[in-house]
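Remarks on the overall topology
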Amino acid sequence: MDVNISKALYEAKRILKDKGMRPALESETLLSHLLGVDRVYLHMHAQEELDAFAFEHFMHMVKVRSKGKPLEYITHEVSFYGRSFFVDERVLIPRPETEILVHQASQIIQDYGIKNVVEVGIGSGVVSVSLAIAHPKISILATDISMEALEVASVNIATFNLQNRISLFQTSLMEGVDIQARTLVVSNPPYVALDYPLDASVRYEPEIALYGGEQGDEIIKALINEAAHKRVRYLVCEMGATHRASLSEYLGLKNYQASFYSDYAGLDRGFVAIRQTN
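Residues numbered from 1 in each chain as written. Predicted model: local features only at pLDDT ≥ 70, side-chain atom pairs only at ≥ 80, totals over all residues. Heavy atoms only, no water.

- As recorded by an unreviewed UniProt entry, the protein carries the name peptide chain release factor N(5)-glutamine methyltransferase and is attributed to Helicobacter mehlei.

Structure (structure tokens):
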């Protein structure tokens, strides 16, 4: 039997409410994605009927969400820097605080006339794509240890027609990468400590993109060490909220002068480092 949009949303909200989720927002997001319309359409056409197949598909999506699977992995879509990107379980879901990383990198590009950028750990590609769009004259080489992540990044790069400006390279950190003078390295590396208690929904995300070592900052330190060895002048990196002291000391040892920035919650979230000697 056909069910209209209003009744379908009512049933979805009931299921998601029982799970302590955001029933109105999430049910509307799922149905608007399924129908290829915006959420306003759902309210304007509340009495429009769904056929049996659409209703069944919608309820399947709702039940999957009720079990904790992230909304972004169900819709295969995430909003970042005002644009829509493709994501799936092969990559980390981009967080709003990573938009601050893009802003910090953009400032360095503008202030120092950067033409070459290396992104370490491209993941879904949102950082490289956002930087390439904001700065039409830069070229980006992006690395990732995960071939699956590179596959997802390539989808987003192609969506924005940036294949000629963003190249991909599978490697660990910057191994095998030739760093040119005045190159900016930007990274949102794994920085969760191994014993940090993660929310159940986060466990759907790839561990390789989450865990940074026993303390959480080991991969970042390896990146700093490699950057210093390759004489990288500019380094912008996201980090964990508890890593400022250890990374400040390590950056100093590698002759980087660093300034740290906070996220929207006021927590330490990253640094901008400029190497003082070559």
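With respect to the packing of helix α2 (residues 23-35) against helix α4 (residues 52-66)
- Taken N-terminus to C-terminus, the directions of α2 and α4 make an angle of 140 degrees; their axes are 10 Å apart at the nearest point. Regarding the angle of α2 to α4, the classification is oblique. Helix-helix and strand crossings are classified by hand; for α2 and α4 the assignment is right-handed. Counted together, E26, S27, L30, L31, H33 and L34 of α2 and A54, H57, F58, M61, V62 and R65 of α4 form the full contact between these two elements.
- For the contact of α2 with α4, the per-class residue count stands at seven nonpolar, three polar and two charged. (Axes fitted to C-alpha atoms, helices over the stretch in contact; angles between N-to-C directions. Helix = DSSP H or I, 4+ residues; strand = E, 2+ residues; numbered from the N terminus. Parallel < 35°, antiparallel > 145°, perpendicular 65-115°, else oblique. Left-handed = near helix turned anticlockwise from the far one by under 90°. Contact = heavy atoms within 4.5 Å. Nonpolar A, V, L, I, M, F, W, Y, C, P; charged D, E, K, R; others polar.)

Structural notes on the pattern of salt bridges
- As enumerated under the stated definition, the model contains eleven salt bridges in all.
- Connected via shared salt-bridge partners are R22, E26 and R65. (Salt bridge = Lys/Arg side-chain N within 4 Å of Asp/Glu carboxyl O.)

Comments concerning the packing of aromatic side chains
- All chains considered together, the criterion is met by five aromatic pairs.
- Centre to centre, the rings of F80 and F85 are 6.4 Å apart; their planes meet at 75 degrees, and the pair counts as edge-to-face. Like F80, the residue F85 is buried in the burial classification.
- An aromatic cluster is built from F80, Y81, F85 and F160, whose rings are joined through pairwise contacts. (Phe/Tyr/Trp six-rings, centres within 6.5 Å; stacked < 30°, edge-to-face > 60°. Buried < 20%, exposed > 50% of the residue type's maximum accessible area, 1.4 Å probe, protein only.)

Some remarks on the UniProt feature "domain: Methyltransferase small" (unreviewed entry) in the protein
- As annotated by UniProt and renumbered to match this structure, "domain: Methyltransferase small" (unreviewed entry) occupies residues 113-192.
- Each end of residues 113-192 is marked by a C-alpha atom, and these two atoms are 33 Å apart; helix forms 28% of the span and strand 28%. (UniProt positions renumbered as here; feature names shortened; annotations may be inferred.)

Description of unusual backbone geometry
- The residue Y81 is not glycine, and still its phi comes out positive at about 55 degrees.
- By the secondary structure assignment, Y81 is in the loop between β3 (78-80) and β4 (83-85).
- By relative accessible area, which is 32% here, Y81 ends up partly exposed.
- Despite not being glycine, N161 shows a phi value in the positive range, around 55 degrees.

Notes on the sheet that holds strand β13 (residues 268-275)
- Taken in spatial order, the seven strands of this open sheet run β7-β6-β5-β8-β11-β13-β12, and their pairing is mixed. Single-partner strands in this sheet number two, and they are β7 (166-170) and β12 (256-262). Strand after strand, the sheet turns through a mean of 20 degrees between neighbouring axes, direction not considered.
- The strands touched by helix α7 (residues 126-134) are β5 (116-120), β6 (139-144), β7 and β8 (183-187); relative to β6, the strand with the most contacts, the crossing angle is about 180 degrees.
- Sitting on the sheet, helix α8 (residues 147-159) touches β6 and β7, and the angle it makes with β7 is about 170 degrees. (Pairing = 2+ DSSP bridges.)

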